[in-house]
Each structure stands twice: as C-alpha cells, then as structure tokens.
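Listed below, chain by chain, are the residues.
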Amino acid sequence: MATPVAWPDDSVSVLRSRPVRLGTDPASLSRFGDDDWNIRPAHRDAHTSIYNLNLRVFPEPLRRQFRAVLLAALDHPQPVEPGGRQRSAEYIGIGSMPVLARGLQLFAHWMGLQGVRQISDITDHDLDVYLQHITGTTTPLRQQANTLNSVRTLWLFRDVLPAPCRLAAQFPWPGRTANELVGLRTSNGENKRPRIQDDTMEALLAWSLHMVEEIGPDIRDAWHEYTLLSRGEHSSQSVYAGTAGPRLRTYVDQCRQTGTPLPGVPGPDGPQINYGHVLRLIGLDGKGGFGSAQKRWLAEQGLPVAERSTVGVITGQIQGRPWRDTPLAVGELPGLWRRLTGALFIVVCYLSGMRPGEVLSLRRGCRDTDAVTGQLVVHGHRGKGYDRAPDTPDVSEPTRPWVVVGVVHEAIALLESLHDQPHLFPAQLRTGMFRPSASHARTCSSVNRDIADFATWVNQTFRRADGGAPIPDETAGNLNASRFRRTLARFIVRRPRGLIAAALQYGHVDTKVTLNYAGAPDTEWLQDLAVEKLELVLEQISDDARRLAAGEHVSGPSADEYRRRVADSADFPGRTVISPRSAERLLAGTDPQVHHGEGMTCVWRPETAACRASRLAQGLPEPAGPDESECRSTCTNLAFTDRDITRRKQDLLDLEAAASDPLAPLPLRDRAAAQAERITSLVHRHELDRTEGVPS
C-alpha cells in the first residue's frame, strides 16, 4: 500500500526545492495557492524567457489535484519509467515545465468532458480511449507526443501525490515511445543552420571591432554623462541650489557667459527649447516641470536654441576622421546603447566560440588570466552538453573557463563599464520591469534584433569609398547569433585572405576554441569543424585533380607523392553524410593530407615533417598537421604547384624592391636580398624541372 501523502498548504513556495537565480526577491516567489506560478527564477539560464504556469486553465473541479501534480514535479526527481533508459534522480527542467503543464491541461479538460472527477478514477480503458483521441486530432505530431508524455509523467509521480491525484492504472501505453505512438520520426541532429557568407561576416566583425575601439567609448561616455545628469550627480550641477527659479537664473547666466545655446528639439518652424533637458541640466530631472511663466521667461531671454540636445564629445576616428561631426543627441542614446551591446555581443560570441545563451549568461567579473599559462579566460556556464550540471537543488555547477583572444576581454571590459547590472547583457536598464535585470539577461531574440539593428545603422550611417554599403546584405537568412559557431568553423578551416584573417589571426582563435581550455572538448564544435574540413577537402581534391589533368606542373621533393595522393583521392566515389559524426569518420578516411599554404604545398607525413621536429625540440605538443609558422624550406614534405610559384613571383617583386630601397637600413636590405635569392632559385628549379620533365 502506498504511503499517505498530505495536501500541500496554500502558503508553500512552489520553488522551495529548486535553486533560484542570484538577485531573486524571496518575497516575490509564487505560492501553492496562487493561480499564476512564476517559475522563471529557477531557470539556470538568465537569458531564457519562461512562461508562467497558469492554473486558471485547468477545470475548477480538478485544479487543486493538478496543482499538486505540478508541485510534485518541481519538488522531486522524475522517477524512472518501467524498463526505461532514463537516468535516475533527474529533475524536470524548468524550461520543460510549461510543456508538461500544457499536456496536463489537455488531459484535465478531456477528463472533465468524460465526467471523471478524480485522477485516481482513470482506468486502463480510459487511457486507451485518450490515446485514440489524441492521435485522431489534427494537432502537430510533436505536440501530440508531448501530451502523451505528460500523462506518463503524471503516472510516474503517483507515489508522492495525495491519493485522489494518483493515476492508479498501469503505466500508460508500455513498449513504445510517445514518438512511435503518434508516428513522429526523429531527426538525425544535423546542423542545418546556414553559415553567414564571408563578405558579410568579415564586414560585420570589422565594424564590431570599430565599436570596441573607437565608437563604443564615445557612446559609453555620453551615456554616463546623461545618467549622471539625470541623477543630479554630474559635476557641472554643483553650482545649482534651491528651487527651480534660482537654478534657472543661474543656468541662463552661465549660457550667456559661455555662449552656450539652449538645448533644442526639432520643430515645424525651427528648433524649440527642450525644457525637459534644461531640467536635467540644472539637476531637477524627475522632480516636476517648469511652470508656464518659467517657460515664457526662459524663451524671452533671447538665447540661441541648438538644433538638438547633446551630451558627450566625439573622440573616436574611422580612417583618420571623427566617426561623426556632432555630439550625440539625447534621443539617440537608447538606440545607440542597444547597437553597441549588439556589436559587443558579436565580438564575444563569435571570437570565443561560445553559444549565444552562454554569452548572454555571462556575469560581471568573468574576465580572468590563467596564473600558470598567462592565457586570457572568460568564466561562464556551459549552455548544453554532457558536462552541464543538471537542474537539481543540491548541485551548484562551477564556472567553466573559455580561453579567448585579447579583443574579447576588451569587449567585456567595455560592457562592464556601460552599466552596473550583474549580467553583461542585462534584460533592461530600468527597474520594475517584467524581467528585472537583477536576475535576468537579454533573450536570444532581443540580441538578434540588436545585431540586425546594428548592421542596418552602420549601412545607414557610413559608406565605403565606392559608395556601397559597408556590410553586404546576408542572402541566406537573418543575422542570427545561432549561425556564428558554424561560420567561425568555416573561417578557421578556410582562412580567407580578407581583413579579419590578417588582423585577428584565425589560427589563434582556432587553437583556443578547439583545445577548449576546460579540458572537456565541446563535441558539437569539433563536429562542426569536421563538416567544414570535409567540404574543403572534397573541393580541394576536385580542384587539384582538375588542374593536374589540365597540365599544372608540380615540383619539389614531394611532387610525386602529391600527384599520387590527388589521383587516389579523386577516384573516391562519394558517400552520403547524414550527421556531423559521420563527417568525422568520412574525413578520416578521405583526407589526402595535402595542405596548400603561402606559396607552398605540404604533403603531410609526420615522420619527415620539419615543423613537427622543431616543435618537439622546443618541448611543444606534437601537431596533428602542418604548422606553417614552423615551416622549413629544407623539409622533404614540400611540393610546389604552378599556383605556388605564381605567388612566389609576386613575393619576389616586393623583396627585390625592398632590397634596393636606399632609405631602408642595410640589415633589412640584406635580409630581403637573401630571401629574394632563395625564391629566385626555387622558381628556377621549378621551371627547370618542368623542362626536364617534357619528353624530347
């Protein structure tokens, strides 16, 4: 016989068994007797928007019973299904609770139509009828499966529920999953999000870096000035005292002495006095307004009125010129603040390889430097994956460090200087809102809007030298942050020769993101890299084989091995790739290990690689492939295609010019001359090999 369970008291906190986020007011937590349960504070991710559990949607005769069910699901780990593969002691995630409540609501309404007044009265036959009812509806199959899983969850918690709430029938519909019951096919988990095209991503990141280095500090300083003025804490307000009248006379005297115009706003007949900003300047913002007599007196003083009401100064420059000609208008600040945070999000998210939610959950003080290695790190929480701590009341997940490049630290420092909220990306800057910033961060959808708004603003504000838009339109969809990781994987694998590749050293980003400082590699990231590498390898094989067939010449110690590997790989008939994991396996068996570099081609063999020997001699880890920074001209892995020689001939022109530059120091001229001599010899050997290789 089951142990009797008492009904919960109406004053019981519904989140009594769940940890809540920092900054949550205990007095605001929902109680068992409430009709609306706010469960958002118990969700581990501050950026996620979670719906309340609305108990009013349950039929009144059954409402208290289903309250007890939902409280049990919040209080206890979900029991394991009979014969199921579910791990024990797992709490239902807070994000899944609205889905459970929706399924239970449908079941409760069906019970009401059947005249069933207690959950304990449901029979096996009733469950079979309910299954037929659900599968006979036109609702989406995913929703049907969720509804059936909700009934199974109800059954699982029967031992911790009051007697009327216990589903006494046998476990519902054993032997098949809910997906199988409704005929829902599961996907193979392939990442179908398209990459952001190269030109768009390069420009988007380049302008985000402009925001970090030049534009952002001006926006921040103007925002700080506006904030201090609004609070009455700006140093310029120390001269004002008393009521509005004396303060206003002091302000007018100062304007006359300094030749400062009154702040204005656009009007139909020219600029009008911005009385609200005048109040702000004299330290009375939010403390009432001017009377009609005071406004009339101010207008009669004969002072000029500015076109706008501005704050701050412009110090940042783009291509040697101030990024704008006038200070920032007060009305512009909220929009510029959002665009700046969108740009800073791009820098942090894209160049760290973190997921959008992981970035949005970052808190003030997350920057650090490893005491042993000196590497720059960012401390946060993994957004998903096998090592993410479960949603249990007795587990406090430690922060996880990501190793990052310096510009990510710079972006975070600017974010920390923008506001005093606990999250780097607060839900909003005002208090008393729906999602208070003390415990909530911006949502993914809101930051995606910020990113799109930032790109639009750049294109409306600036122009390229040719008159075109600085950030090309993205043709494959919106500029969503969820596309950044796959785009970064492409840039790391392809290493395009554009602005970013030169300025930010994608190889450096690759090392930090891939090695995953915490020692627990991000398998999804590695799979994304595998997909990108497989695509590159297959394209490269096809291109190399086509060029060889067209007569491209190859010289160097590994020329014959190059031709053999390309020929062998070109015969590969292909295979369907249905998941990132299969891409990894296919890459392992397909990659000919031919790497095209800067004016040379490496036919990789670890045992003869000079770069490998150099790294090992320095006590560095053994490389998985060629390290171009350690390449040696004497390495027997090298081969030179006609493409490589063309590149070397271009380098030769630059070196010959440097060697003959009379203004350059002699050591630099000698070094350039020596390099030019080596390249000349290499080009000569390539052409000689071509001649000797032609039959007489």
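One can find the structure itself at the top, above this paragraph.
Rules behind the numbers
- Residues numbered from 1 in each chain as written.
- Predicted model: local features only at pLDDT ≥ 70, side-chain atom pairs only at ≥ 80, totals over all residues.
- Heavy atoms only, no water.
- Helix = DSSP H or I, 4+ residues; strand = E, 2+ residues; numbered from the N terminus.
- Buried < 20%, exposed > 50% of the residue type's maximum accessible area, 1.4 Å probe, protein only.
- Contact = heavy atoms within 4.5 Å.
- Areas by Shrake-Rupley, 256 points an atom, 1.4 Å probe, with all protein chains shown as cover.
- Pairing = 2+ DSSP bridges.
- Axes fitted to C-alpha atoms, helices over the stretch in contact; angles between N-to-C directions.
- Parallel < 35°, antiparallel > 145°, perpendicular 65-115°, else oblique.
- Left-handed = near helix turned anticlockwise from the far one by under 90°.
- Salt bridge = Lys/Arg side-chain N within 4 Å of Asp/Glu carboxyl O.
- Phe/Tyr/Trp six-rings, centres within 6.5 Å; stacked < 30°, edge-to-face > 60°.
- Expected span 1.5 Å × (residues − 1).
- Disulfide = S-S within 2.5 Å.
- Core = buried A, V, L, I, M, F, W, Y, C linked by side-chain atoms within 4.5 Å.
- Polar contact = N/O pair within 3.5 Å; in protein donor to acceptor, adjacent residues only side chain to side chain.

Remarks on the overall build of the protein chain
Along the protein chain, the regular secondary structure elements total 22 helices and 15 strands. Counting all 696 residues of the protein chain, 46% fall into the buried class. Looking at the protein chain alone, contacts between residues at least 24 apart form 67% of all its contacts between residues at least 6 apart. When the accessible surface of the protein chain is summed, it comes to about 34800 Å², and 51% of that surface belongs to carbon and sulfur atoms.

Brief notes about the sheet that holds strand β12 (residues 554–555)
Spatial ordering of the open sheet is given by β12-β15-β14-β13, a layout of four strands whose pairing is antiparallel. Each end of this open sheet is capped by a strand with a single partner; those strands are β12 and β13 (594–596). As paired elements, β12 and strand β15 (residues 638–641) share two bridges and run antiparallel to each other. What sits directly across from S555, in β15, is F640. In the packing of helix α21 (residues 642–659) onto the sheet, the strands contacted are β13, β14 (601–603) and β15, and the crossing angle to β15 comes to about 80 degrees.

What about the sheet that holds strand β9 (residues 367–369)?
Pairing in this open sheet of three strands is antiparallel, and the strands run β9-β10-β11 from one edge to the other. Because the sheet does not close on itself, it has two edges, and the strands there are β9 and β11 (400–403). Strand-to-strand, the axes of this sheet are offset by a mean angle of 40 degrees, without reference to chain direction. Sheet topology places strand β10 (residues 376–380) next to β11; four bridges connect them, and they run antiparallel. Residue pairing in the sheet places H379 in a bridge with P401 of β11. Its contacts with the sheet place helix α12 (residues 406–418) against β9 and β10, and it is angled at close to 50 degrees to β10.

Describing the packing of helix α10 (residues 333–352) against α12
Relative to each other, α10 and α12 sit at 150 degrees, their axes nearing to 9 Å. By the angle class used here, α10 and α12 are roughly antiparallel. Judged by the twist between their axes, the crossing of α10 over α12 is left-handed. Packed against α10, whose contacting residues are W337, L340, T341, L344, V347, V348 and L351, the element α12 presents V407, V408, A411, I412, L414, L415 and L418 at the interface.

Regarding the pattern of salt bridges
Should their charged atoms come close, side chains of opposite charge can pair. By the definition in use, this model includes 30 salt bridges. For the salt bridge of R16 with D75, the shortest nitrogen-to-oxygen distance reads 2.6 Å. With R16 in the segment before β1 (36–37) and D75 in helix α1 (residues 60–75), the pair connects residues that are 59 residues apart, well separated along the chain. Its relative accessible area of 47% is what places R16 among the partly exposed residues.

Observations regarding the packing of aromatic side chains
Each aromatic ring pair is described using two quantities: the centre-to-centre distance and the angle formed by the ring planes. According to the stated counting rule, one finds 13 aromatic pairs in the structure shown. Aromatic side chains F58 and F66 sit 5.3 Å apart centroid to centroid with 20 degrees between the ring planes, which places their arrangement in the stacked category. Between W155 and F171, the ring centres sit 5.1 Å apart and the planes meet at 75 degrees, which makes this aromatic pair edge-to-face. Here F171 lies in the loop between α4 (141–156) and α5 (178–182) and W155 lies in helix α4, a separation of 16 residues in the sequence. Assigned by exposure class, W155 and F171 land together as buried. The rings of W207, W323, W457 and F462 are connected pair by pair, giving a single aromatic cluster.

Some points on α12
In a regular helix each residue adds 1.5 Å, so 13 residues correspond to 18 Å; α12 covers 19 Å between its end C-alpha atoms and thus fits that length. Looking only at α12, the buried set comprises V407, V408, H409, A411, I412, L414, L415, E416 and L418.

Notes on the environment of H47
Its location among the elements puts H47 in the loop between β1 and β2 (53–54). Taking the C-alpha atoms as reference points, H47 and H440, 393 residues apart in sequence, are found 6.1 Å from one another.

Let's talk about the state of the cysteines
In the structure shown here, the tally under the stated rule is zero disulfides. For the unlinked cysteine C349, the closest cysteine sulfur is that of C444, found at 8.7 Å. Residue C349 is classed as buried on the basis of its relative accessible area, which comes to 2%. With no disulfide partner, C611 has as its closest neighbouring cysteine sulfur the one in C602, 6.1 Å distant.

Things to note about the nonpolar core
Within the largest apolar cluster, 80 residues are counted, with the highest numbers of intra-cluster contacts made by F345 and F484. Looking at this core, the elements with two or more residues in it are α6 (198–231), α7 (244–258), α8 (275–281), α10, α11 (356–360), α12, α13 (444–461) and α14 (484–494).

Structural notes on α10
An ideal rise of 1.5 Å per residue puts 28 Å on 20 residues; α10 measures up with 28 Å between its terminal C-alpha atoms. Burial within α10 is extensive, with 18 of its 20 residues counted as buried. Phi for G353, located one or two positions after α10, is positive at around 75 degrees.

Comments concerning the side chain of H409
Tracing the chain through its elements places H409 in helix α12. Of the polar contacts made by the side chain of H409, one reaches the backbone oxygen of V377; its length is 2.8 Å.

Considerations on the pairing of β15
Alternating residues of β15 divide into L638 and F640 and A639 and T641, and every residue in both groups is buried. Strand direction decides the pairing type here: β14 and β15, joined by two bridges, are antiparallel. Residue T601 lies in a different strand from β15, and its bridge partner there is A639.

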